[in-house]
Amino acid sequence: MDEQIQELMSALERKRISCTFAANRTEAAEKVLSMIPADSNVGIGGSVTIQELGIEETLKEKGCEVYWHWRVPKEEADAERRRALTADVYLCSTNAITEDGVLVNIDGTGNRVVSMVYGPKKAVIVTGKNKIVKDVDSALKRIKEVACPLNARRLNRATPCAKTGKCHDCKTEERMCNVTTIIERAPSSIEMHVLIVGEDMGF
Ligand code: SF4
């Protein structure tokens, strides 16, 4: 583990956000599975990182009920998001995390950013080292210039950032930047855990 990650973990602990480190995604998957009791309800946010962990089927095999709107027909997605909002455990990533432990996220629908801070009993937030940035300004820049354009392309959204890789503060129906959250410290009604992975994951 490098010095930057060690300092980030110390900063998170000072904010009452527990954290662990995994050297790679295989170890991260094992750690996440060990944190989720059998028979719990697990909500999953829109997250390429969680998809890359590949633990959905294992969760089901151990008896968990999984709510993931990516896995249901479009007309059922909103109901699935609402089920995830009150799950025992919510699994997601963060768009960016600062060196001093601030989590910055931008959402289109808002379900993910809400579920990270209130609703589920516990949020497990998995982040690759590629999402560690210097400060909140760098976090917002990363989201607008890296995460959002790549997500827009993944979802075939007709946003200008999908074409240029830069934010144009679009006003289109397809806009993906509608709700921004900045988590400065652990919220009082949810147990928050950050798992830092020592390799790049998601975007
Ligand atoms: S505001 Fe629009 S152009 Fe800017 S990053 Fe968000 S979706 Fe892309």
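Structure shown above.
Conventions used here
- Residues numbered from 1 in each chain as written.
- Predicted model: local features only at pLDDT ≥ 70, side-chain atom pairs only at ≥ 80, totals over all residues.
- Near = placed C-beta within 6 Å.
- Helix = DSSP H or I, 4+ residues; strand = E, 2+ residues; numbered from the N terminus.
- Nonpolar A, V, L, I, M, F, W, Y, C, P; charged D, E, K, R; others polar.
- Contact = placed C-beta atoms within 7 Å.
- Pairing = 2+ DSSP bridges.

Student: Help me understand the site of the ligand in this model?
Tutor: The environment of the ligand is formed by 13 residues, the closest being Cys 148, Cys 161, Cys 167, Cys 170 and Cys 177. Put simply, the parts of the chain that give the shell around the ligand at least two residues each are α7 (136–154) and α8 (160–164). A total of three residues in the shell around the ligand trace back to one element, the largest contributor, which is α7. In the shell around the ligand, the residues fall into eight nonpolar, two polar and three charged.

Student: Is there a simple way to think about the environment of Leu 33 in this case?
Tutor: Structurally, Leu 33 is set in helix α2 (residues 25–35). Among all residues touching Leu 33, those that are not within four sequence positions of it are Ile 55 and Thr 58.

Student: So what exactly am I meant to see when it comes to the sheet that holds strand β5 (residues 96–98) here?
Tutor: Working definition: the strands of a sheet are paired by backbone hydrogen bonds and lie parallel or antiparallel to each other. Strand order in the open sheet formed by four strands is β8-β5-β6-β9, with mixed pairing between adjacent strands. Both outer strands of the open sheet, β8 (132–133) and β9 (179–183), are each paired with one neighbouring strand and no more. For β5 and strand β6 (residues 103–107), the ladder comprises two bridges, and the chain directions are antiparallel. Looking across to β6, one finds that Ala 96 is bridged to Val 104.

Interpretation note: all reported values are geometric properties and have no functional meaning in isolation.
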